[in-house]
Number of protein chains: 4
Amino acid sequence: MNITLAQAEKIVSAAKEKAKSLDTKMNIAVVDAGANLVAFARMDGAWLGSLDISIKKAKTARYFDMNTGAVGELSQPGGSLYNIEHSNNGLITFPGGVPIKNGSEEIIGAIGVSGSSVENDQAVAEAGAAAL
Amino acid sequence: MNITLAQAEKIVSAAKEKAKSLDTKMNIAVVDAGANLVAFARMDGAWLGSLDISIKKAKTARYFDMNTGAVGELSQPGGSLYNIEHSNNGLITFPGGVPIKNGSEEIIGAIGVSGSSVENDQAVAEAGAAAL
Amino acid sequence: MNITLAQAEKIVSAAKEKAKSLDTKMNIAVVDAGANLVAFARMDGAWLGSLDISIKKAKTARYFDMNTGAVGELSQPGGSLYNIEHSNNGLITFPGGVPIKNGSEEIIGAIGVSGSSVENDQAVAEAGAAAL
Amino acid sequence: MNITLAQAEKIVSAAKEKAKSLDTKMNIAVVDAGANLVAFARMDGAWLGSLDISIKKAKTARYFDMNTGAVGELSQPGGSLYNIEHSNNGLITFPGGVPIKNGSEEIIGAIGVSGSSVENDQAVAEAGAAAL
């Protein structure tokens, strides 16, 4: 099972709405089951540096089928996955990346959001993922 | 002057319509005046390898404010820009990348399209750029 | 549809047999539908430089769902895809990369072979792809 | 002395068996004495992000002729090899990478395993290395 463009666009649209409701400006990326980009939107005035971060968050969430923040808890100094961020051409392991599941609970892609606090990034990513 | 997300989405939408009318499956990327990605869509079943190419076409068109095909005419063996593709982390210099202008003829971004013949890629890119 | 490891190993095994019958030493790579590596084997004494080439051939064949040599015919100076090799972190566009199809003619991955003449590379890749 | 493909395949096979016995899905990479890939297998459903990690673990283990976890103990903040992960296009220094020795205790390659907890990764890597 793989995400369709129509599904990805619905997710981006929901994420944008949530970002607006939080008065934030986000970069929003959706990747498919193969961790390849399907849809992307950068809201006007969003941080330029968050463009790459949003894509890396989406990829990271699909690479390990978990929220990016969960990876980050394990990659701290002394943690079991310390410095895992050096793999895969650079991971981002703080919150804002969330796997996307279909109705059968299969992972079909992931969303990555960056542009505000990690709490806001995560909230927007979850709103996007919940749109399916 | 810089492209807005609303303008970029209008362009992507027009490009998708043109792609469908040509019975093709395209990767469509829009960058802003700073050559940074603003919006992206990969149509279901489009070539995976065209993802990166569409983004590189959009960047190339904005890097030099001309159609990518025009750069490619100069980058051939013996040409004045021979192998310019080695710069900027990789250019794509065959057709499918087109600058985007506003009503005042100012360049505010660029579109890159990849997924079919270069003639179809270019036609879809032009249809997108003309949507403003 | 995506290739399984069991299918990929069967393909590598068939490719090795063909390579031996040609008295060659090959690098053999198989990627899945997402262009990610599934199985790899480097035969004893095979060129080291062919390791990366075999993987890039497999990825290239899946990126565009065609034999790598077909891409190379279009990427020559003056061709419609001139210097496409600069995309996707480096393509290899001479023969030796072949899409892998299942019984329903769906592309589920690709094989890339490198280590001898391009004719031998292609013959081994085809023997591998035919093993399913 | 260098590992042969036959030896590497025996190691991958043993690692797969151990992975199945632990009910895990692993990426398994074997490099030779030159730290170049010899054999690789990604089990069905294994994390995509572990593909690169398994190869980097194998390389790291051969680069320094020790278990990757031993490097990681030295690369922590304040440690003597702090952030060594930035070298060699990215090291992975948590457990799962193990040198491979022949009967004469000479190091002839290394195995890297990724896809589960670091304890499981290490157990599978050791099972692979012990197969010779």
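It should be noted that the structure appears before, not after, this text.
What you are looking at is a predicted structure, and each value in this text was computed from that prediction instead of being measured.

Draft legend 1. Just the overall build of chain A, in detail. Assigned secondary structure in chain A consists of 4 helices and 4 strands. Traced from its N-terminal end to its C-terminal end, chain A shows the element sequence α-β-β-α-α-β-β-α. Computed over the C-alpha atoms, the radius of gyration of chain A is 13 Å, within 12% of the 14 Å expected from 2.2 N^0.38 for a compact globule of 132 residues. Over its C-alpha atoms, taken along the principal directions, chain A stretches across nearly 40 × 35 × 20 Å. Per-residue burial over chain A gives 58% buried out of 132 residues. Accessible area for chain A stands at about 5000 Å²; split by element, carbon and sulfur atoms hold 51% of it. Of note, chain A has its 11 positive side-chain charges centred 5 Å away from the centre of its 14 negative side-chain charges.

Draft legend 2. The arrangement of the pairing of strand β2 (residues 37-42) of chain D in detail. For β2 of chain D, the buried fraction is high: 6 of the 6 residues fall into the buried class. Sheet topology places strand β2 (residues 37-42) of chain C next to β2 of chain D; 3 bridges connect them, and they run antiparallel. The residue bridging A39 of chain C from the neighbouring strand is A41 of chain D, located in β2 of chain D. With 5 bridges connecting them, strand β1 (residues 27-32) of chain D and β2 of chain D associate as antiparallel partners. Each residue of the ladder has a partner; that of A29 of chain D, found in β2 of chain D, is F40 of chain D. Remark: 4 residues form the turn of the hairpin made by β1 of chain D and β2 of chain D, two consecutive strands paired antiparallel; A35 of chain D in that turn has positive phi of roughly 65°.

Draft legend 3. Focus on the packing of helix α1 (residues 5-21) of chain D against helix α4 (residues 118-129) of chain D. Residue and element names in this part refer to chain D. Contact geometry of α1 with α4 gives a least axis separation of 7 Å together with a crossing angle of 140°. The orientation of α1 with respect to α4, classified from their angle, is oblique. As α1 packs across α4, the resulting crossing turns out to be right-handed. In this structure, α1 contributes I11, A14, A15, K18 and A19 to the contact, and α4 contributes A123, V124, A127, G128 and A129. For the contact of α1 with α4, the per-class residue count stands at 8 nonpolar, 1 polar and 1 charged.

Draft legend 4. Structural view of the interface of chain D and chain A. Each partner contributes to the interface: chain D provides 20 residues, whereas chain A provides 18 residues. When residues of chain D are sorted by the area they lose upon contact with chain A, W47, L48 and F94 of chain D head the list and together hold 35% of the total. Ranked by residue count, the leading element in the side of chain D that touches chain A is helix α2 (residues 49-64) of chain D, at 5 residues. Of the residues belonging to the side of chain D that touches chain A, the class tally is 9 nonpolar, 8 polar and 3 charged.

Draft legend 5. Local environment of the sheet that holds strand β4 (residues 107-114) of chain B. Taken in spatial order, the 8 strands line up as β3(A)-β4(A)-β1(A)-β2(A)-β2(B)-β1(B)-β4(B)-β3(B) in an open sheet, and their pairing is antiparallel. Lying at the two open borders of the sheet, with one neighbouring strand each, are β3 (97-101) of chain A together with β3 (97-101) of chain B. Neighbour-to-neighbour, the strand axes of this sheet turn through a mean angle of 20°, independent of strand direction. Strands β2 (37-42) of chain A together with β1 (27-32), β2 (37-42), β3 and β4 of chain B of the sheet are contacted by helix α2 (residues 49-64) of chain B, whose axis makes an angle of about 150° with β4 of chain B.

Draft legend 6. Inspection of the packing of aromatic side chains at higher detail. Counted according to the given criterion, the structure contains 6 aromatic pairs over all chains. A centroid spacing of 5.8 Å and a plane angle of 80° characterise the contact between W47 of chain B and F64 of chain C, whose relative ring orientation is edge-to-face. Here the residue W47 of chain B occupies a position in the loop between β2 and α2, and F64 of chain C occupies one in helix α2 (residues 49-64), the pair thus bridging two chains. F64 of chain C sits in the buried class, given a relative accessible area of 4%. Arranged with centres 6.4 Å apart and planes meeting at 75°, the rings of Y63 of chain D and F64 of chain D form a pair that is edge-to-face. Ring pairs connect the aromatic residues Y63 and F64 of chain A together with W47 of chain D, which therefore count as one cluster.

Draft legend 7. Region of the structure containing the side chain of D121 of chain B. Residues and elements named next belong to chain B. Position of D121 among the secondary structure elements: in helix α4 (residues 118-129). A distance of 3.0 Å separates a polar atom in the side chain of D121 from a polar atom in the side chain of K57. Of the polar contacts made by the side chain of D121, one reaches the backbone nitrogen of S116; its length is 3.0 Å. When neighbours within four sequence positions are excluded, D121 is seen to be in contact with M26, K57, P95, G96, V113, S114, G115 and S116.

Draft legend 8. Looking closely at the layout of surface pockets. Taken as a whole, the second largest pocket holds about 1200 Å³ of empty space. Looking at the second largest pocket, it is lined by 43 residues, and the ones nearest its centre are N2 and A33 of chain A together with M1, N2 and A33 of chain C. Here the residues of the lining of the second largest pocket sort into 21 nonpolar, 10 polar and 12 charged.

Draft legend 9. Spatial organisation of α2 of chain D. Residue and element names in this part refer to chain D. End to end, α2 covers 23 Å across 16 residues, agreeing with the expected 22 Å (1.5 Å per residue, within 8%). Of all 16 residues that make up α2, 13 are buried, and the element is covered over most of its length. A positive phi of about 50° marks D65, the residue just after α2.

Draft legend 10. Layout of the pattern of salt bridges. Residue and element names in this part refer to chain C. Counting across every chain of the model gives 28 salt bridges over all chains. A salt bridge links E17 to K20, with the nearest nitrogen and oxygen atoms 3.9 Å apart. With a gap of 3 residues between them, E17 and K20 both fall in helix α1 (residues 5-21), about one helical turn apart.

Draft legend 11. Structural context of the relation of the copies chain D and chain A. Overlaying chain D on chain A yields an RMSD of 0.1 Å, the required transformation being a rotation through 92° with an accompanying axial translation of 0.1 Å. In symmetry terms, the pair is related by a four-fold rotation axis. Residues of chain D ranked by C-alpha distance from the rotation axis are headed by P77 of chain D, positioned 4.7 Å from it. In this assembly the copies use different faces: only 20% of the residues contributing to the interface of chain D also contribute to that of chain A.

Draft legend 12. Region of the structure containing the sheet that holds strand β4 (residues 107-114) of chain C. Strand order in this open sheet of 8 strands is β3(C)-β4(C)-β1(C)-β2(C)-β2(D)-β1(D)-β4(D)-β3(D), and the pairing throughout is antiparallel. The open sheet has two edge strands with one neighbour each: β3 (97-101) of chain C together with β3 (97-101) of chain D. Across this sheet, the average inter-strand angle for adjacent strands is 20°, counted without regard to direction. Strands in contact with α2 of chain C are β1 (27-32), β2, β3 and β4 of chain C together with β2 of chain D; relative to β4 of chain C, the strand with the most contacts, it is inclined by about 150°. Contacts from α2 of chain D reach β2 of chain C together with β1, β2, β3 and β4 (107-114) of chain D, with the element oriented near 150° to β4 of chain D.

Conventions we followed
- Residues numbered from 1 in each chain as written.
- Chains lettered and ligands numbered in written order.
- Predicted model: local features only at pLDDT ≥ 70, side-chain atom pairs only at ≥ 80, totals over all residues.
- Heavy atoms only, no water.
- Helix = DSSP H or I, 4+ residues; strand = E, 2+ residues; numbered from the N terminus.
- Rg over C-alpha atoms; globule rule 2.2 N^0.38 Å.
- Buried < 20%, exposed > 50% of the residue type's maximum accessible area, 1.4 Å probe, protein only.
- Areas by Shrake-Rupley, 256 points an atom, 1.4 Å probe, with all protein chains shown as cover.
- Lys, Arg positive; Asp, Glu negative; His and termini not counted.
- Charge placed at Lys NZ, Arg CZ, Asp CG, Glu CD.
- Pairing = 2+ DSSP bridges.
- Axes fitted to C-alpha atoms, helices over the stretch in contact; angles between N-to-C directions.
- Parallel < 35°, antiparallel > 145°, perpendicular 65-115°, else oblique.
- Left-handed = near helix turned anticlockwise from the far one by under 90°.
- Contact = heavy atoms within 4.5 Å.
- Nonpolar A, V, L, I, M, F, W, Y, C, P; charged D, E, K, R; others polar.
- Buried area = accessible area lost by both parts, 1.4 Å probe.
- Phe/Tyr/Trp six-rings, centres within 6.5 Å; stacked < 30°, edge-to-face > 60°.
- Polar contact = N/O pair within 3.5 Å; in protein donor to acceptor, adjacent residues only side chain to side chain.
- 1 Å grid on protein atoms, 1.4 Å probe; cavity = no way out; pocket = protein on both sides within 12 Å on 5 of 7 lines; lining within 4 Å.
- Points joined across faces, edges and corners; volume = space filled by probe spheres on them.
- Expected span 1.5 Å × (residues − 1).
- Salt bridge = Lys/Arg side-chain N within 4 Å of Asp/Glu carboxyl O.
- Least-squares fit on C-alpha atoms with pLDDT ≥ 70 in both.

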